[in-house]
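Spelled out, the chains give:
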Amino acid sequence: MTNRGDIQWEAARKKLDDYRAGNVPQSGYSTMILQWGKTLLLDAQSEIEPFLYSPDASVRSSALHTLACSFHLNDYWPIAVQFLLYDSEYGPRTQGATALAWLKEGSRDRATLHILASVVRDPYEYTLVRDDAYQAMIVVENGQERGWEILDTPPGKSFDLQRDTDWNFVHACIDPVQEAHDRREALQLLEAYRTGNVIEQDYYAMLRSFARSNVQEARVEVEGFLHSPVALLRLTALRVLVLYLQVPGNWQMVVDRIQHASDTNYRVEAVLILGLLMRGTRDKKTLLILDQLAWDDTVHDHLSSAAFDVIGEVYPGLWEGPDAREKLKAYLTSTDA
């Protein structure tokens, strides 16, 4: 009698043959790759590898998940690191953290823990990426079973990074020697860029490298990307300058783009950057700008919605109580600092 596993393996094998014959549509690539991983079809490794560089984020994520998490191939550790630190979309970046957890489960590998800790402690990183990086740290340190016991939260409560993270553990995993090495590499990258030896496809990773190592020496070069024809590079340059390099006038720099940029998506991202910069400050000038956007019927819903959410970041707890809008208006018109 043929068992279910054999049937699944045969289906995956047929899908591999179909793919090699050019009979699988692009829309089916992600599912196909995960199917190969689920059935441990190692014969598909050479077909999967090119998908690590797919322009489709979901396909990139599926490729890394299969190679690292399903096949447990340690050769893809460097790729997982690249995904976590330098992919342009948060989906593959969270997958990078997950891949590192699977590859180094219970190993207490210091290099992996340092990389993950550097992401967790970055206050300007996407929350979902930081959450997954911390969870990966716990698994690398303790293994899957014990790790998930540690990460388990009481019923009715979800994981909260600030509340539930063992920050002493995170800071202890930072390796100053590796930090110094990373900074030297970032400075070398800056010099390579100045001499025209960085290709355009590496510009995004370069900007993130400047941010991670706080390369103040790169300020002029980063400012040049504010005028790039590539939206991703313009936005990344803004994040680096405003949040990481903390250049003089950074508040006004991001506000100018919120108020005057023509691209709605760029304005939305600028609002999010402003929220990170002014998080928890209850700054009135910032709140006034956001309040005007949040209830402006002439702007795109995405922009007003982002402004509404960010108000809650700048003024924590505001939206949790009754009459929140009236409370905000009263605060903005008061003489309190």
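Just above, that's the structure.
These figures come from a predicted structure and were not determined experimentally.

### A few points about the side chain of Arg239
Move 1: Of note, Arg239 is situated in helix H15 (residues 231-244).
Move 2: Apart from residues lying up to four places away in sequence, Arg239 is in contact with Tyr124, Tyr126, Tyr244, Ile273 and Leu276.

### Looking at unusual backbone geometry
Move 1: Positive phi, close to 55°, is recorded for Arg108, a residue that is not glycine.
Move 2: When its relative accessible area of 47% is taken as the criterion, Arg108 is described as partly exposed.
Move 3: Residues other than glycine seldom take positive phi values, yet Arg282 does so here, at roughly 55°.
Move 4: Turning to its location among the elements, Arg282 is positioned in the loop between helix H17 (264-277) and helix H18 (284-294).
Move 5: Residue Arg282 is classed as partly exposed on the basis of its relative accessible area, which comes to 35%.

### A few points about the layout of surface pockets
Move 1: Empty space within the largest pocket amounts to approximately 1100 Å³.
Move 2: In terms of lining, the largest pocket is formed by 39 residues, of which the most central are Gln82, Tyr86, Asp87, Asp202 and Ala205.
Move 3: For the lining of the largest pocket, the elements supplying multiple residues, two or more each, are helix H5 (77-86), helix H7 (110-120), helix H12 (176-194), helix H13 (203-212) and H15.
Move 4: It is H5 that contributes the most residues to the lining of the largest pocket, seven residues altogether.
Move 5: The residue makeup of the lining of the largest pocket, split by class, is 22 nonpolar, nine polar and eight charged.

### Some remarks on the environment of Ile79
Move 1: Inspection of the secondary structure assignment puts Ile79 in helix H5.
Move 2: With 15 residues separating them along the chain, Ile79 and Leu64 place their C-alpha atoms 8.0 Å apart.

### So, H7
Move 1: Where burial is concerned, most of H7 is hidden: nine out of the eleven residues are buried.
Move 2: For H7, the complete set of buried residues consists of Thr112, Leu113, His114, Ile115, Leu116, Ala117, Ser118, Val119 and Val120.

### Focus: the packing of aromatic side chains
Move 1: One pass over the full model with this rule turns up 14 aromatic pairs.
Move 2: Ring centres 6.0 Å apart and planes at 70° place the aromatic pair Tyr19 and Trp36 in the edge-to-face group. Of the two residues, Tyr19 sits in helix H1 (residues 4-20) while Trp36 sits in helix H2 (residues 29-38), which places them 17 residues apart along the sequence.
Move 3: Note on Tyr203 and Phe225: the rings are 5.3 Å apart at their centroids and 75° apart in plane angle, and the pair reads as edge-to-face. Of this pair, Tyr203 sits in helix H13 while Phe225 is found in the loop between helix H14 (219-224) and H15, placing the two residues 22 residues apart along the sequence. The burial state of Tyr203 is the same as that of Phe225; both residues are buried.
Move 4: Grouped by ring-pair contacts, the aromatic residues Tyr19, Tyr29, Trp36 and Phe51 constitute a single cluster.

### Observations concerning H13
Move 1: Counted residue by residue, H13 has eight buried out of ten residues, so it is predominantly covered.
Move 2: Those residues of H13 not exposed but buried are Tyr203, Tyr204, Met206, Leu207, Arg208, Ser209, Phe210 and Ala211.
Move 3: Buried-residue contacts for H13 involve H5, helix H6 (90-103), H12, H14 and H15.
Move 4: Once H13 finishes, Asn214 follows within two positions and takes phi at roughly 50°, a positive value.

Reading the values: rules and limits
- Here, residues in each chain are numbered from 1, in the same order as that chain's written sequence.
- Per-residue local features are limited, in this predicted model, to residues with pLDDT of at least 70; the limit for side-chain atom pairs, both in listing and counting, is 80 or more; totals at the level of whole chains, interfaces and linings are taken over all residues.
- Note that the side-chain values use all heavy atoms of the structure and ignore hydrogens as well as water.
- Helical segments are the DSSP runs of H or I of at least four residues, strand segments are the runs of E of at least two, and each set is numbered from the N terminus.
- In this analysis, two residues are considered to be in contact whenever any of their non-hydrogen atoms come within 4.5 Å of each other.
- Residue burial is assigned from relative accessible area. The probe radius is 1.4 Å, only protein chains are included, and a residue is buried under 20% of its type maximum, exposed over 50%, and partly exposed in between.
- A pocket here means an open set of points on a 1 Å grid, computed over the protein atoms alone, that has protein on both sides within 12 Å along at least five of seven lines. A cavity is instead a set of points where a 1.4 Å probe fits but cannot get out; residues with an atom within 4 Å of a point line either one.
- Grid points are joined across faces, edges and corners, and a volume is the space filled by probe spheres set on the points.
- In this count, Pro and Cys sit with the nonpolar residues alongside Ala, Val, Leu, Ile, Met, Phe, Trp and Tyr, while Asp, Glu, Lys and Arg are called charged and the others, Gly among them, polar.
- Any Phe, Tyr or Trp ring, taking Trp's six-membered ring, that has another such ring centre within 6.5 Å forms a pair; planes under 30 degrees apart are called stacked, those over 60 apart edge-to-face, and the others tilted.

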